[in-house]
Amino acid sequence: QVQLVESGGGLVQAGGSLRLSCAASGRTFSAYGMGWFRQAPGKEREFVAAISWSGGSTYYADSVKGRFTSSRDNAKNTFYLQMNSLKPEDTAVYYCAATPLSGSVVHDYEYDYWGQGTQVTVSS
């Protein structure tokens, strides 16, 4: 069982940075791949980033590549998304999710567990 709670969202000016955290409960955290998704009003939920269970592989959407970095600390049961050079189009509710699958997992329906989401608003 995995329970996820996101935090770190807020209001930031364009060009600024935020660091999102996803705290996970459960002894099996290290066995799950972790993903970040976001959803803006009126838009479909989209993939942002993912990291493998070992932390050795990361994946990013083209829209955030070079600006966002995902990482995980299995000892702390925490998954992070560092967001730099934020743009107004990054405004969305951000969700972390966990999947027992390995490899490149970029579809929301492949994830079994979800956090409640945290709002990120980037002002222009």
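None of the values given here were measured: they were computed from a predicted structure.

Colleague: Could you give an account of the overall build of the protein chain, with specific residues and numbers?
Modeller: Scanning the protein chain from N- to C-terminus turns up 0 helices and 11 strands. Element order for the protein chain, N to C, with α for helix and β for strand: β-β-β-β-β-β-β-β-β-β-β. The C-alpha atoms of the protein chain give a radius of gyration of 13 Å, which matches the 14 Å a tight globule of 124 residues would have. Dimensions of the protein chain, computed from C-alpha atoms along their principal axes, come out at roughly 40 × 25 × 25 Å. Per-residue burial for the protein chain yields a buried fraction of 43% across its 124 residues. Considering only contacts within the protein chain whose residues lie at least 6 apart along the sequence, 58% involve residues at least 24 apart. Summing over all exposed atoms, the protein chain offers an accessible surface of approximately 6300 Å²; the carbon and sulfur share of this is 46%. Averaged over its 10 positive side-chain charges, the protein chain has a centre that lies 7 Å from the centre of its 10 negative ones.

Colleague: Requested: an account of unusual backbone geometry, with residues and values cited.
Modeller: For N77, which is not glycine, the phi dihedral falls at a positive 55°. The class of N77 is partly exposed, set by a relative accessible area of 23%. Positioned with a positive phi, S85 is a non-glycine residue whose angle comes to about 50°. For S85, the location among the structural elements is in the loop between β8 (78-83) and β9 (92-99). A residue is classified by how much of its surface remains accessible, and S85, at 40% relative accessible area, is partly exposed.

Colleague: How would you sum up the nonpolar core? Please name residues and give values.
Modeller: Among the nonpolar cores identified, the biggest contains 34 residues, and L81, M83 and Y94 are the most heavily contacted of them. Mapped by element, the contributors of at least two residues to this core are β3 (18-25), β4 (33-39), β5 (46-51), β8, β9 and β11 (118-123). Excluding anything up to four places from it in sequence, L81 contacts L18, R19, L20, W36, V48, A49, F68, T69, S70 and Y94.

Colleague: How would you explain empty space enclosed by the protein if you had to name every residue and give the values?
Modeller: Inspection of every chain in the model, using the stated rule, returns 1 cavity of 30 Å³ or more. Here the largest cavity is characterised by a volume of approximately 50 Å³. As for the largest cavity, its lining consists of G33, M34, A50, I51, S52, Y59, T99, L101, G103, V105 and Y111. Those elements that provide at least two residues to the lining of the largest cavity are β4 and β5. Here the lining of the largest cavity is built from residues that sort into 7 nonpolar, 4 polar and no charged.

Colleague: How would you sum up the sheet that holds strand β7 (residues 68-73)? Please name residues and give values.
Modeller: One key point about sheets: their strands pair by backbone hydrogen bonds, in either a parallel or an antiparallel sense. Across the sheet, which stays open at both edges, the 4 strands sit in the order β1-β3-β8-β7 with antiparallel pairing between neighbours. Two strands bound the open sheet, and with one partner strand each, they are β1 (3-7) and β7. Taken pair by pair, the neighbouring strands of this sheet meet at an average axis angle of 15°, ignoring direction.

Colleague: Tell me about the packing of aromatic side chains, and name the residues and values.
Modeller: In this structure the tally under the stated criterion is 7 aromatic pairs. Taking the centre distance of 5.2 Å and the plane angle of 50° together, the rings of F37 and W114 count as tilted. Here W114 lies in strand β10 (residues 113-114) and F37 lies in strand β4, a separation of 77 residues in the sequence. Classification of F37 as buried rests on a relative accessible area of 1%. Judged by its relative accessible area of 25%, W114 falls in the partly exposed class. Centroid distance Y95 to W114: 6.5 Å. Interplanar angle 75°. Geometry classified as edge-to-face. In this pair, Y95 is assigned in strand β9 and W114 in strand β10, connecting sequence segments 19 residues apart. What makes Y95 buried here is its relative accessible area of 17%. An aromatic cluster of at least three residues, connected via ring pairs, comprises F37, F47, Y95, Y111 and W114. The ring of Y95 has R45 sitting right over it, with the charged end atom 5.8 Å from the ring centre. It is R45 that lies over the ring of W114; its NZ or CZ is 4.0 Å from the centre.

Parameters at a glance
- Residues numbered from 1 in each chain as written.
- Predicted model: local features only at pLDDT ≥ 70, side-chain atom pairs only at ≥ 80, totals over all residues.
- Heavy atoms only, no water.
- Helix = DSSP H or I, 4+ residues; strand = E, 2+ residues; numbered from the N terminus.
- Rg over C-alpha atoms; globule rule 2.2 N^0.38 Å.
- Buried < 20%, exposed > 50% of the residue type's maximum accessible area, 1.4 Å probe, protein only.
- Contact = heavy atoms within 4.5 Å.
- Areas by Shrake-Rupley, 256 points an atom, 1.4 Å probe, with all protein chains shown as cover.
- Lys, Arg positive; Asp, Glu negative; His and termini not counted.
- Charge placed at Lys NZ, Arg CZ, Asp CG, Glu CD.
- Core = buried A, V, L, I, M, F, W, Y, C linked by side-chain atoms within 4.5 Å.
- 1 Å grid on protein atoms, 1.4 Å probe; cavity = no way out; pocket = protein on both sides within 12 Å on 5 of 7 lines; lining within 4 Å.
- Points joined across faces, edges and corners; volume = space filled by probe spheres on them.
- Nonpolar A, V, L, I, M, F, W, Y, C, P; charged D, E, K, R; others polar.
- Pairing = 2+ DSSP bridges.
- Axes fitted to C-alpha atoms, helices over the stretch in contact; angles between N-to-C directions.
- Phe/Tyr/Trp six-rings, centres within 6.5 Å; stacked < 30°, edge-to-face > 60°.
- Lys NZ or Arg CZ within 6 Å of the ring centre and 35° of its normal.

Take it as geometry only, folks, not as evidence of what the structure does.
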